[in-house]
Amino acid sequence: MPLQFYNTATRKIEVFKPAESGRVKMYHCGPTVYRRPHVGNYRAFLFADLLRRVLERRGLRVTQVMNLTDVGHFTQEDEDHGEDRMEMEARNRGLDPWQVAREITNMFEGDMKRLRAKPPEHRPRASDHIAEMLEIIELLLKRGAAYRSGPENANIYYEVSRFENYGGLSGNRVDALEAGARIDINPEKKHPADFALWKSDSKHIMKWKSRFGEHGFPGWHIECSAMARKYLGDTLDIHTGGEDLIFPHHECEIAQSEAATGKPFVNYWMHVKFLQVDGGKMSKSLGNVYSVDDVVARGFEPRHLRFLLQRAHYRTPLNFTWDSMRDAKGAIERLDAFVVDLKTLRPAAAAAVAVDEMLQKTRAAFDAALDDDMNAAEATAAVFGLLNNVRTAGGASLKLTKEQIELILAFLGEFDAIFDVLTPEELAPEERAEIDRLVAERQTARQNRDFARSDEIRTKLAARRVVVEDTKEGVRWRRV
RNA sequence: GGCGGCAUAGCCAAGUGGCCUAAGGCGACUGAUUGCAAAUCAGUUAUUCCUCGGUUCAAAUCCGAGUGCCGCCUCCA
């Protein structure tokens, strides 16, 4: 089966063909760094990572860009009510917006690392690309797709009526939007659906000089058009983001980029459905906007969260609950146990199980699932199927030859090249030493048949989230 | 008001006309194993896919109505 993706623009599943054979250029809308990203954000960011790894498995060379929005925006035109989020957050905390951006960027990068996302080739900041944005704005003015307005003509708007495909991505019609009557009347605009490319406001903290005035700052959408163009060129293979970005953000990006370059902007649009919490939306008032730290504080490793977020199909709403976190953790623990068993197993002399055949079938199912619009649920099911087959085929205990063990581990390595969940978190050396000491002490007690003492130590270890297992091959322990 | 998505076991979640008397995971229960556990193995855990009506030889899958949840139309992954 060829690699296929659902394309938001056509609302169909299409065979994926990069413009340049063997190479893929993709852009992902990253976070606005005014507050710490939450688990819902990471569903979208981890989707980008999964996509990258699936493309790489297909032998494609990927150039990935994920931006950081560190310039605040408000599209609400009424200055009394509209406020820039970055500046609002900064004022509330008594910081300047640049400090907030730096702090949140660090948190974001730390979270992404803990979640094992491969670093994209480029992670550009909007504030570093003002010149590139102005360049596109100039092009749009020259082509008559944008106009100057407002005091001293310092504000610049994109004229939506000049772009006939506006609405093509989202299915929205400009006249239907008007009927919504939720767009404030702004006398500066020729049409209510026109959107800002550049605004001027002397009160703004994050602002730049340009030929349009001293106190300018960019509109929300222009940064992505500018950064995508700089790092990937005029036409991208894939552009992704959360489902909320389809309109207006991505619609506006298309309008700007295509009007400026005269070329198609994106060949495949992919959008991730929102993560729900407890069957509903997450919100500050419900107290269910969880961060990676919240998840870790509840005794989970980041890889458990990674698995939870990645194994569900990206186009269906996923329900995050603490039960579902426990579920993901349990699943990973079973995989962990399988890997440990394989690595410590004494190999059998002769093959008792048809491992080759199992692996062949599993690999075929795994690839077919991934190729089919990244059906991660089916792909992981195939891996668990292999685990069950291998474990049950040999009866009560595993009977595998050395070669078979290596083949299975190699396949699990392939699985892990995509999902990256099999390596447990490393323990601090002191902690590891302390655990080893307790485990050894317990062993001595057991050898003396002092089970009271042995169980007492086991309880102590459990308090450190350590489970000991007495096996035929000896004692082993693991963190849970 | 306009546009779009989803609804499958206690929970999470695939499947979108016949191979479904419905994957996979978690959890629970029974047994084997164990000093006891853990892990593992054996077995049990949806005659049914939100509700009602329809199309079809055949529907979880298609159509219609309803209910619930989610997203967009304003910043949001």
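Residues numbered from 1 in each chain as written. Chains lettered and ligands numbered in written order. Predicted model: local features only at pLDDT ≥ 70, side-chain atom pairs only at ≥ 80, totals over all residues. Heavy atoms only, no water.

1. Quick word on the packing of aromatic side chains
Taken as a whole, this structure holds 19 aromatic pairs when the rule is applied. With 5.4 Å between their ring centres and 80° between their planes, Phe45 and Phe108 make a pair best called edge-to-face. Of this pair, Phe45 sits in helix H1 (residues 39–57) while Phe108 sits in helix H3 (residues 97–114), and the two are 63 residues apart along the sequence. As far as the burial class goes, Phe45 and Phe108 line up, both buried. Ring pairing ties together the aromatic residues Tyr290, Phe300, Phe320 and Trp322, which thus form one cluster. (Phe/Tyr/Trp six-rings, centres within 6.5 Å; stacked < 30°, edge-to-face > 60°. Helix = DSSP H or I, 4+ residues; strand = E, 2+ residues; numbered from the N terminus. Buried < 20%, exposed > 50% of the residue type's maximum accessible area, 1.4 Å probe, protein only.)

2. Examining the domain arrangement of chain A
Each domain of chain A was delimited in the assignment, giving domain 1 (4–272), domain 2 (284–419) and domain 3 (429–479). Contact with domain 1, which involves 27 residues of that partner, is made by 35 residues of domain 2. In this assembly, domain 1 packs against domain 2 so that about 2800 Å² is buried in total across both faces, 59% of it on carbon and sulfur atoms. Sorting the residues of domain 1 by area buried against domain 2 places Val39, Arg43 and Arg57 first, and these three jointly supply 27% of that buried surface. Our enumeration of links across domain 1 and domain 2 arrives at six salt bridges. (Domains from an automatic or database assignment. Contact = heavy atoms within 4.5 Å. Buried area = accessible area lost by both parts, 1.4 Å probe. Salt bridge = Lys/Arg side-chain N within 4 Å of Asp/Glu carboxyl O.)

3. Examining the side chain of Arg306
Here Arg306 is to be found in helix H9 (residues 302–311). A distance of 2.6 Å separates a polar atom in the side chain of Arg306 from the backbone oxygen of Phe419. In contact with Arg306, other than residues within four places in its own chain, are Leu46, Asp49, Arg53, Leu115, Arg116, Ala117, Ile418, Phe419, Asp420 and Val421. (Polar contact = N/O pair within 3.5 Å; in protein donor to acceptor, adjacent residues only side chain to side chain.)

4. Section: the packing of H9 against helix H10 (residues 322–344)
Two elements in contact, H9 and H10, have axes whose closest approach is 8 Å; the angle formed by their N-to-C orientations is 105°. On the basis of their axis angle, the class for H9 and H10 is roughly perpendicular. From H9, Arg303, His304, Leu305, Phe307, Leu308 and Arg311 reach across to H10, where they touch Ser324, Met325, Asp327, Ala328, Lys329, Ala331, Ile332 and Asp336. Classifying every residue of the contact of H9 with H10 gives seven nonpolar, two polar and five charged. (Axes fitted to C-alpha atoms, helices over the stretch in contact; angles between N-to-C directions. Parallel < 35°, antiparallel > 145°, perpendicular 65-115°, else oblique. Nonpolar A, V, L, I, M, F, W, Y, C, P; charged D, E, K, R; others polar.)

5. So, unusual backbone geometry
Glycine aside, a negative phi is what most residues show, and trans is what most peptide bonds show. The linkage connecting Phe247 with the following residue, Pro248, adopts the cis geometry, with an omega of 0°. For Pro248, the position within the fold is in helix H7 (residues 246–261). Of note in this structure, Arg449 is not a glycine but carries a positive phi near 55°. Looking at where Arg449 falls in the secondary structure, it is placed in the loop between helix H14 (429–447) and helix H15 (451–463).

6. Regarding the sheet that holds strand S8 (residues 208–210)
Pairing in this open sheet of five strands is antiparallel, and the strands run S5-S6-S7-S9-S8 from one edge to the other. Each edge of the sheet is formed by a strand with only one pairing partner; in this case those strands are strand S5 (146–149) and S8. Neighbour-to-neighbour, the strand axes of this sheet turn through a mean angle of 35°, independent of strand direction. When S5 meets strand S6 (residues 155–158), the two strands line up antiparallel, connected through four bridges. Paired with Ser149 across the two strands is Asn155, which belongs to S6. Its contacts with the sheet place helix H4 (residues 130–142) against S5, S6, strand S7 (195–200), S8 and strand S9 (213–218), and it is angled at close to 120° to S7. (Pairing = 2+ DSSP bridges.)

7. Re H1
Taking 1.5 Å per residue, 19 residues should reach 27 Å; H1 reaches 26 Å between its end C-alpha atoms and fits that length. Backbone geometry just downstream of H1 places Gly59 in the positive-phi region, at approximately 80°. (Expected span 1.5 Å × (residues − 1).)

8. Some points on the pattern of salt bridges
Once their charged atoms are close, side chains differing in charge can pair, the charge on each being opposite to the other. Enumeration over the complete set of coordinates arrives at 46 salt bridges. Between Glu441 and Arg453 there is a salt bridge whose closest N-O contact spans 2.3 Å. Taken together, the residues Glu441 in helix H14 and Arg453 in helix H15 connect sequence positions 12 residues apart. The exposure class of Arg453 is partly exposed, given its relative accessible area of 25%. Close ionic contact of Arg476 with Glu469 constitutes a salt bridge, the shortest N to O distance being 2.9 Å. Counted as one network, the salt bridges with shared partners bring together Glu434, Arg437, Glu441, Arg453, Glu456 and Arg464.

9. Side note on the nonpolar core
Leu55, Tyr158, Ile238, Phe320, Ile408 and Phe419 are the most contacted members of the largest nonpolar core, which has 131 residues in total. It is H1 that provides the largest number of residues to this core, a total of 11 residues. Lining this core are residues from two domains, each supplying at least three of them: domain 1 (4–272) and domain 2 (284–419). The contact partners of Ile408, leaving out residues within four places of it in the chain, are Phe338, Leu342, Val355, Leu359, Leu386, Val390 and Leu400. Counting residues in each nonpolar core, the second largest holds nine residues, with Leu438, Leu461, Val466 and Trp477 among its members. (Core = buried A, V, L, I, M, F, W, Y, C linked by side-chain atoms within 4.5 Å.)

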